[in-house]
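# Observations on the three-dimensional arrangement
Chain by chain, the residues:
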Amino acid sequence: MTRTIQERNVALIYVYSFLTFGIYGLYWLVSTKRDINSLGGEIPTTWIVLVPFAGFYHMYKYCEGYATKVKKDDNTIMYFCLAFFAGFVMPAIVQPELNKMARASQAPSLVKVAA
């Protein structure tokens with residue numbers, strides 16, 4: 001089953017997270033985890049964050065999947081530190097890149113016809 005990456009408004013992620021006392025933030029995390037895993041990431045189930053200290057492992061794997069499958073760079077540690085110390089900025093970092101990928105996958109392919 002192929003999953004298409006969903007485009008989301010970054011500002012609304014923050015608004016909905018604020019209005020739902022963080023519950024939408026968890027929903028966003030699960031949704032983007034699925035998007036990243038559909039690109040080949042290996043992020044474990046989000047339920048693991050309920051286990052003490054296992055949340056750090058989940059956060060690391062999420063940052064690793066984002067760095068290698070979305071950004072295609074090797075800055076896993078930088079994203080992990082950013083998520084650890086300033087996790088509230090992650091939607092502003094992750095979602096625009098996923099939006100670019102969603103737009104690219106929805107754009108009609110242009111075929112150049114030779115005359």
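This text follows the structure it describes.
The shown structure was predicted, so the numbers you read here are calculated from the model rather than taken from an experiment.

A surface patch of nonpolar side chains, amounting to about 500 Å² of accessible area, comprises Leu12, Val15, Tyr16, Phe18 and Leu19. When you line up the elements, Leu19 lands in helix H1 (residues 10–19).

This part takes up the packing of aromatic side chains. Using the criterion set out here, one finds eight aromatic pairs in the structure. Ring centres of Tyr60 and Phe80 lie 5.9 Å apart, and the angle between their planes is 70°; on these two criteria the pair is classed as edge-to-face. Here Phe80 lies in helix H4 (residues 76–86) and Tyr60 lies in helix H3 (residues 54–71), a separation of 20 residues in the sequence. Look at Tyr60 and you get partly exposed, because its relative accessible area is 30%. The buried category is assigned to Phe80, whose relative accessible area is 19%. Summarising the aromatic geometry, the rings of Phe80 and Phe84 are spaced 6.4 Å apart at their centres and angled 25° between planes, so their arrangement reads as stacked. With Phe80 and Phe84 both in helix H4, this residue pair falls four residues apart, about one helical turn. Connected via pairs of aromatic rings, a cluster forms that spans Phe53, Phe56, Tyr60, Phe80, Phe84 and Phe85.

Attention now moves to the nonpolar core. With 18 residues, the main nonpolar core has Trp28, Ile36, Tyr62, Cys63, Tyr66, Val94 and Leu98 as its most contacted residues. Counting only elements with at least two residues in this core, the list comes to helix H2 (23–38), H3, H4 and helix H5 (90–106). The element best represented in this core is H3, accounting for five residues. In contact with Val94, other than residues within four places in its own chain, are Trp28, Tyr62 and Tyr66.

Calculation rules
Residues numbered from 1 in each chain as written. Predicted model: local features only at pLDDT ≥ 70, side-chain atom pairs only at ≥ 80, totals over all residues. Heavy atoms only, no water. Patch = residues over 30% accessible without salt bridge, like charges linked within 9 Å, V, L, I, M, F, W, Y side chains within 5 Å. Areas by Shrake-Rupley, 256 points an atom, 1.4 Å probe, with all protein chains shown as cover. Salt bridge = Lys/Arg side-chain N within 4 Å of Asp/Glu carboxyl O. Helix = DSSP H or I, 4+ residues; strand = E, 2+ residues; numbered from the N terminus. Phe/Tyr/Trp six-rings, centres within 6.5 Å; stacked < 30°, edge-to-face > 60°. Buried < 20%, exposed > 50% of the residue type's maximum accessible area, 1.4 Å probe, protein only. Core = buried A, V, L, I, M, F, W, Y, C linked by side-chain atoms within 4.5 Å. Contact = heavy atoms within 4.5 Å.

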